[in-house]
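# Close look at the chain arrangement
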Amino acid sequence: MNDDSPRVGLVMGSDSDWPVMQKAAEMLERFGIPYEAKVVSAHRTPDRLFDYAATARDRGLACIIAGAGGAAHLPGMLAAKTTVPVLGVPVPSRYLKGMDSLLSIVQMPKGIPVATFAIGEAGAANAGLYALSLLSIGNTDLAARLDAYREELKAMVDAMQLPPQS
């Protein structure tokens, strides 16, 4: 494994999930973390899902960010087939606006954990940041860059101005 080998897997059930999952990719790119992005459907390509999960650790992945909408079985099924941490992102669905996805991902049975994030883009971005936090364990450079990012967020809030109050 070299420095350019993917450290994070970014998977989704369909290419229509990319606009949401791209927010996780943007966080990883901002910090220069190599990742791989793939469509792996729990229902349409179960053999691909099983192979992806079974080989994740040997391929050097530290975690998998899995986004899914609707029935949203992808994160849970990945977690069932690997001990690499799985970070679940509920993708908004057409009719239930992602509540179905959230409940499918968060309601895992005891023993098969999936860290679950907010529905949509904020959840995907936070999953990316969480992956970075995992990778920063034992990596002082990345930890320092995450600290600097937090300082940027603080500075943004400090610079906010409200209109004069009467």
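Since we're looking at a predicted model, the values are computed, not measured.

The next point concerns the overall build of the protein. Summing up its helical and strand segments, the protein has 6 helices and 5 strands in all. Going from the N terminus to the C terminus, the protein shows its helices and strands as β-α-β-α-β-α-β-α-β-α-α. Expressed along its principal axes, the backbone C-alpha trace of the protein runs to roughly 60 × 45 × 30 Å. The buried share among the 166 residues of the protein stands at 41%. Sequence separation of 24 or more characterises 66% of the internal contacts of the protein that already satisfy a separation of 6 or more. By element, 56% of the accessible surface of the protein is carried by carbon and sulfur atoms, the whole surface being about 9400 Å². Separation of charge centres in the protein, based on 15 positive and 17 negative side chains, amounts to 6 Å.

Of all 5 residues making up strand 1 (residues 8–12), 5 are buried, and the element is well covered by its neighbours. What you see with strand 1 is no split at all: Val8, Leu10 and Met12 on one side and Gly9 and Val11 on the other are buried throughout. Relative to strand 2 (residues 35–39), strand 1 is paired through 5 bridges, and the arrangement is parallel. Paired with Leu10 across the bridge in strand 2 is Ala37. A crossover links strand 1 with its parallel partner strand 2, the connecting element being helix 1 (residues 18–30), and its sense is right-handed. Where strand 1 and strand 3 (residues 63–68) come together, 5 bridges link them in parallel fashion. Note that in strand 3 the partner of Leu10 across the bridge is Ile65.

All right, on to the packing of aromatic side chains then. One pass over the full model with this rule turns up 2 aromatic pairs. Between the aromatic rings of Phe31 and Tyr149, the centroid separation amounts to 5.9 Å while the plane-to-plane angle is 75°, which identifies the pairing as edge-to-face. Here Phe31 is found in the loop between helix 1 and strand 2, whereas its partner Tyr149 is found in helix 6 (residues 140–158), with 118 residues between them in sequence. You'll find Phe31 and Tyr149 in the same group, each marked buried. On the numbers, 5.5 Å between centres and 65° between planes, the contact of Phe117 with Tyr130 is edge-to-face. Residue Phe117 is found in the loop between strand 5 (115–116) and helix 5 (121–135), and its partner Tyr130 is found in helix 5; the two are separated by 13 residues along the sequence. Geometry around Tyr52 places Arg59 over its ring, the cationic atom sitting 4.6 Å from the centre.

A word on the side chain of Ser93. Among the secondary structure elements, Ser93 is positioned in the loop between strand 4 (86–90) and helix 4 (99–106). Taking the relative accessible area as the measure of exposure, Ser93 reaches 15% and is therefore buried. Beyond its immediate chain neighbours, meaning those up to four positions away, Ser93 contacts Gly70, Gly98, Asp100 and Ser101.

At a minimum axis separation of 7 Å, helix 1 and helix 5 run at an interaxial angle of 30°. By the angle class used here, helix 1 and helix 5 are roughly parallel. Note on packing geometry: the crossing formed by helix 1 with helix 5 is right-handed. Facing helix 1, whose interface residues are Pro19, Val20, Met21, Lys23, Ala24, Met27 and Leu28, helix 5 presents Glu121, Ala124, Ala125, Gly128, Leu129, Ala131 and Leu132. Considering only residue class, the contact of helix 1 with helix 5 consists of 11 nonpolar, 1 polar and 2 charged.

With respect to the helices, strands and loops of the structure, Gln161 is situated in the segment after helix 6. With 144 residues separating them in the primary sequence, Gln161 and Asp17 have C-alpha atoms 35 Å apart.

Parameters and conventions
- Residues numbered from 1 in each chain as written.
- Predicted model: local features only at pLDDT ≥ 70, side-chain atom pairs only at ≥ 80, totals over all residues.
- Heavy atoms only, no water.
- Helix = DSSP H or I, 4+ residues; strand = E, 2+ residues; numbered from the N terminus.
- Buried < 20%, exposed > 50% of the residue type's maximum accessible area, 1.4 Å probe, protein only.
- Contact = heavy atoms within 4.5 Å.
- Areas by Shrake-Rupley, 256 points an atom, 1.4 Å probe, with all protein chains shown as cover.
- Lys, Arg positive; Asp, Glu negative; His and termini not counted.
- Charge placed at Lys NZ, Arg CZ, Asp CG, Glu CD.
- Pairing = 2+ DSSP bridges.
- Right-handed = clockwise from strand over helix to strand, strands pointing away.
- Phe/Tyr/Trp six-rings, centres within 6.5 Å; stacked < 30°, edge-to-face > 60°.
- Lys NZ or Arg CZ within 6 Å of the ring centre and 35° of its normal.
- Axes fitted to C-alpha atoms, helices over the stretch in contact; angles between N-to-C directions.
- Parallel < 35°, antiparallel > 145°, perpendicular 65-115°, else oblique.
- Left-handed = near helix turned anticlockwise from the far one by under 90°.
- Nonpolar A, V, L, I, M, F, W, Y, C, P; charged D, E, K, R; others polar.

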